[in-house]
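Residue-level structural notes
Each chain, letter by letter, is given below.
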Amino acid sequence: MHGIFRWSSKWWPGVVPLVVFWAIAAWTNTLPMEADLAAHSTAALKDTVLDKSRITVAGRDVTFTADAFSEEGRRSALASVEAVPGVRLVNDETGLVAEAKPFVWSAERDVARVTLGGSSPLPATKSKLLEAAHVDLGGVEVVDQTNLSRGAPSHFDTAALLLLDQIAKLKDGKVELSDTKVSLSGMARDLGGREAIAAALKNLPQGFSVAANEIKAPPYIFQAYKDPVAVTLTLTGYVPDKNVHAALAAAARRKFFNEKVVDNLKASIGAPYGFAAVVIPALGALSRLSTGTLVVSDREVKLSGDALYDTAAAQIRAGLGKDFPKDWQFKADISIQPAAAPVDATVCQQLFSDLLAKGRIQFESGRATIDPDSVGLLDRLVETAQRCPNVNIEIAGHTDGDGDAAFNQALSEKRAQAVTDYLVKAGLSADRFTATGYGSTQPVSGNDTDEGKAQNRRIDFVVR
């Protein structure tokens, strides 16, 4: 026995290195095998849709961690790993992505960005919606705060893409999808945007419906600016259609006899009720100002500027809105322009002649009722008469040659008197004016054309 112990003491020190060498060899041989199994297991999952997927290998045992989007998908992924050659055991740590009830997805727009929130059913859908948001919104910052969840309704992708198109039409606001119910709120970017969104929602996939649509339209604005320096009337903003556009432009050219009309109007839906019936008389009030601005915003009318004399300002303040449709509001912020320097009789006559060469006082056909389109010209004539307070003025009425001479004579007298009455009502002394009718006895053009007849139907101011 003593000999055996003596013999073992000789080989035991040699066993230790052998064990170390064996461990090193086993370890170095295991590392490549584990890496190979990990690579093959990962490759087996390449066509499987998973979230938070992770493969770890110890020897020939694989630990598989992942969240699947369905039980069928989870089982299929697990079977794929189990089928990898060389795998002895799969430690199953898989589960399911959380289910969202209700399944809510949203897109919200503010001044700076668009934020996607709520849930998305698949990574591919999440990426597709984010890419579509970048394309539809043309460079606007897009922040994706969506989570992956189960429970999306059928055709979710189609509905969400359609709603992203609507976010592009908003200045600010939010669209939300809760299961199959759609809610929208905010302000449309352009006139007609609200209507365009409502039309698009009719194309929602089958089964989806609009629970709330609180999209507001931007103000429907029409503006007119009278510039005495440039001698222009500039029209901007919106009109309902080409017919109203033509009517407003024609009315502007009639009322503003001295100004060039710059027409920058655009047609758009969304005009308030009675739009044309308000804008045309409001343009008439603007024509009486030396400089001024008319702003029509939805059902509110604001007129500001300088009237040519005190009575005109009072008349404009009292008359604006008198015949507007119900629910329209108006405000007249009218001041009086400083009085111009007096002139002598010669200059006064020239000023009258210049004004009446640019525009003519119009009357209702066959009557002595002054056409409202002529009030701007009449106010300029009043202003001129105020500048020459020491002269007397003959208001001379003339007609064309059509019809009975006696009728024409009487008509010319009545029209001359109507103009005189306007001047006196403006605050001028009646003693300074003489209303005279000449009928058709003093034509300035032939009566054989409509143009010639129009020139003969006139009111002249003659300084005496």
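Residues numbered from 1 in each chain as written. Predicted model: local features only at pLDDT ≥ 70, side-chain atom pairs only at ≥ 80, totals over all residues. Heavy atoms only, no water.

1. Focus on the overall build of the chain
Keep this limit in mind: Runs of E in the DSSP output that reach at least two residues are strands. Runs of H or I that reach at least four are helices, and both are numbered from the N terminus. The quantity called the radius of gyration is restricted to C-alpha atoms. Its globule counterpart is 2.2 Å times the number of residues to the power 0.38. Only protein chains enter the accessibility calculation, which uses a 1.4 Å probe. A residue is then buried if its area is under 20% of the maximum for its type, exposed if over 50%, and partly exposed in between. Residue contacts are defined here by distance: any two heavy atoms, one from each residue, within 4.5 Å place the two residues in contact. Using a 1.4 Å probe, accessible areas were evaluated by the Shrake-Rupley method; residue-level cover was limited to the displayed protein chains. Positive charges come from Lys and Arg, negative ones from Asp and Glu, while His and the chain ends are left out of the count. Charge positions come from single atoms, namely NZ of Lys, CZ of Arg, CG of Asp or CD of Glu.
A count of helical and extended segments in the chain gives 12 helices and 19 strands. Radius of gyration (C-alpha) of the chain: 44 Å, far over the 23 Å computed for a compact globule of 464 residues. Here the C-alpha coordinates of the chain stretch approximately 165 × 45 × 40 Å along the principal axes. By residue count, 39% of the 464 residues in the chain fall in the buried class. In the chain, 69% of the contacts between residues at least 6 apart in sequence involve partners at least 24 apart. Carbon and sulfur atoms make up 53% of the accessible area of the chain, which totals about 24,300 Å². Looking at the chain, you have 50 positive and 55 negative side-chain charges, and the mean spots of the two groups are 3 Å apart.

2. Some thoughts on the packing of helix 9 (residues 345–358) against helix 10 (residues 375–387)
Two measures define how a pair of helices packs: the angle their axes make with one another and the distance between the axes. To keep things clear, this is the line we draw: A fitted line through C-alpha atoms represents every axis, and for helices the fit uses only the stretch in contact; the resulting angles, taken between N-to-C directions, go from 0 to 180 degrees. Every angle not falling under 35 degrees, over 145, or within 65 to 115 is termed oblique; those three ranges are roughly parallel, roughly antiparallel and roughly perpendicular. Charged means Asp, Glu, Lys or Arg here, nonpolar means Ala, Val, Leu, Ile, Met, Phe, Trp, Tyr, Cys or Pro, and polar covers whatever is left, Gly included.
At their nearest, the axes of helix 9 and helix 10 sit 10 Å apart, and the two run at 175° to each other. In this view, helix 9 runs roughly antiparallel relative to helix 10, as classed from their interaxial angle. For the pair formed by helix 9 and helix 10, the contact residues are Cys348, Leu351, Phe352, Leu355 and Leu356 on the first element and Leu377, Arg380, Leu381, Thr384, Ala385 and Arg387 on the second. Considered class by class, the residues forming the contact of helix 9 with helix 10 number 8 nonpolar, 1 polar and 2 charged.

3. Description of the pattern of salt bridges
It is possible for side chains of opposite charge to pair when their charged atoms get near one another. Let me state the cut-off plainly: A side-chain nitrogen of Lys or Arg and a carboxyl oxygen of Asp or Glu constitute a salt bridge if their distance falls within 4 Å.
Applying the stated criterion to the full structure yields 20 salt bridges. The closest approach of N and O atoms between Lys126 and Asp144, which form a salt bridge, is 3.4 Å. Here Asp144 lies in strand 6 (residues 141–144) and Lys126 lies in helix 3 (residues 123–136), a separation of 18 residues in the sequence. Since its relative accessible area comes to 23%, Lys126 is described here as partly exposed. Glu394 is the partner of Arg464 in a salt bridge, and the nearest nitrogen-oxygen pair spans 2.2 Å. You can see Arg464 sitting in the segment after strand 19 (458–463) and its partner Glu394 sitting in strand 17 (residues 393–398), a full 70 residues away along the chain. For Arg464, a relative accessible area of 61% corresponds to the exposed category. Taking relative accessible area as the criterion, Glu394 reaches 7% and is therefore assigned buried. A network of salt bridges, in which partner residues are shared, links Glu71, Arg74, Arg75 and Asp92.

4. Comments concerning the confidence of the model for the chain
Rules: A residue's pLDDT is the confidence the predictor assigns to it, expressed on a 0 to 100 scale.
Per-residue confidence for the chain gives a mean pLDDT of 92, with 94% of residues at or over 70. Counting contacts from residues 18–28, a segment whose pLDDT is below 50, to residues more than four positions away or on other chains yields 0 contacts.

5. Digging into the sheet that holds strand 14 (residues 289–297)
Quick note on the threshold: Two strands make a pair as long as DSSP finds a minimum of two bridges between them.
What the 6 strands build is an open sheet, ordered 13-12-11-14-15-16; its pairing is mixed. Single-partner strands in this sheet number two, and they are strand 13 (260–267) and strand 16 (329–336). Neighbour to neighbour, the strand axes of the sheet diverge by 5° on average, direction disregarded. Against the sheet, helix 6 (residues 242–255) contacts strand 11 (221–227), strand 12 (232–239) and strand 13, and its axis sits at roughly 165° relative to strand 13.

6. Points about the pairing of strand 17
Across a regular strand the side chains alternate sides, sitting on one face of the sheet and then on the other. So the rule is basically this: With strands facing away from the observer, any crossover in which the path from the first strand over the helix to the second runs clockwise is taken as right-handed.
Where burial is concerned, most of strand 17 is hidden: 6 out of the 6 residues are buried. Both faces of strand 17 are covered, namely the face carrying Ile393, Ile395 and Gly397 and the face carrying Glu394, Ala396 and His398. The pairing of strand 17 with strand 18 (residues 433–437) spans 5 bridges and is classified as parallel. Along strand 18, the bridge assignment pairs Ile395 with Ala435. In terms of handedness, the path from strand 17 via helix 11 (residues 405–425) over to strand 18 forms a crossover that is right-handed.

7. Concerning helix 10
The cut-off we apply is this: The span expected for a helix works out to 1.5 Å for each residue beyond the first.
Helix length check: helix 10, at 13 residues, gives a terminal C-alpha distance of 19 Å against a target of 18 Å (1.5 Å per residue), a fit within 8%. Of all the 13 residues making up helix 10, 10 are buried; the element is thus mostly covered by neighbouring parts of the structure. For helix 10, every residue scored as buried is listed here: Val375, Gly376, Leu377, Leu378, Asp379, Leu381, Val382, Glu383, Thr384 and Ala385.

8. Observations concerning the sheet that holds strand 17
Here we have 3 strands laid out as an open sheet, ordered 18-17-19, and mixed in their pairing. At either end of the open sheet lies a strand with only one pairing partner, and these are strand 18 and strand 19. On average, each strand axis in the sheet is inclined to that of its neighbour by 20°, with strand direction left out of account.

9. Digging into the state of the cysteines
Heads up, the rule is: Throughout, a disulfide means two cysteine sulfur atoms within 2.5 Å of one another.
According to the stated counting rule, one finds 1 disulfide in the structure shown. Two residues, Cys348 and Cys388, share a disulfide whose sulfurs are 2.1 Å apart. Taken as a pair, Cys348 in helix 9 and Cys388 in the loop between helix 10 and strand 17 lie far apart in primary sequence, 40 residues in all. Here Cys348 falls in the buried class, since its relative accessible area comes to 0%.

10. Looking at the nonpolar core
Formally: We call a set of buried residues a nonpolar core when its members are Ala, Val, Leu, Ile, Met, Phe, Trp, Tyr or Cys and they connect through side-chain atoms within 4.5 Å of each other.
Of all hydrophobic cores here, the largest spans 64 residues; its most connected members are Phe222, Leu294, Ile361 and Phe461. Looking at this core element by element, the count peaks at 7 residues for helix 7 (residues 275–287). Leave out the neighbours within four places in its chain, and Leu294 touches Phe222, Gln223, Ala224, Ala282, Leu283, Leu286, Val301, Lys302 and Leu303. One finds Ala100, Phe103, Leu129 and Phe156 within the second-largest nonpolar core, a separate group that totals 29 residues.

11. Here we look at helix 7
Look at helix 7: 18 Å from first C-alpha to last across 13 residues, which is about the 18 Å you get at 1.5 Å a residue. Phe275, Val278, Val279, Ala282, Leu283, Gly284, Ala285, Leu286 and Ser287 are the residues of helix 7 that are buried.

12. Quick notes on the packing of aromatic side chains
In plain terms, the rule: Centres within 6.5 Å are what make two rings of Phe, Tyr or Trp a pair, Trp counting through its six-membered ring; a difference in plane orientation under 30 degrees is then read as stacked, over 60 as edge-to-face, and the rest as tilted.
Tallied over the full model, the rule gives 7 aromatic pairs. Between Tyr220 and Tyr238, the aromatic rings sit 6.0 Å apart at their centres with planes inclined by 50°, giving tilted as the arrangement. Of this pair, Tyr220 sits in the loop between strand 10 (209–216) and strand 11 while Tyr238 sits in strand 12; the two residues are 18 residues apart in sequence, bridging distant segments of the chain. Judged by centre distance (6.1 Å) and plane angle (80°), the ring pair of Phe222 and Phe275 falls under edge-to-face. With Phe222 in strand 11 and Phe275 in helix 7, this residue pair connects regions lying 53 residues apart in the sequence.

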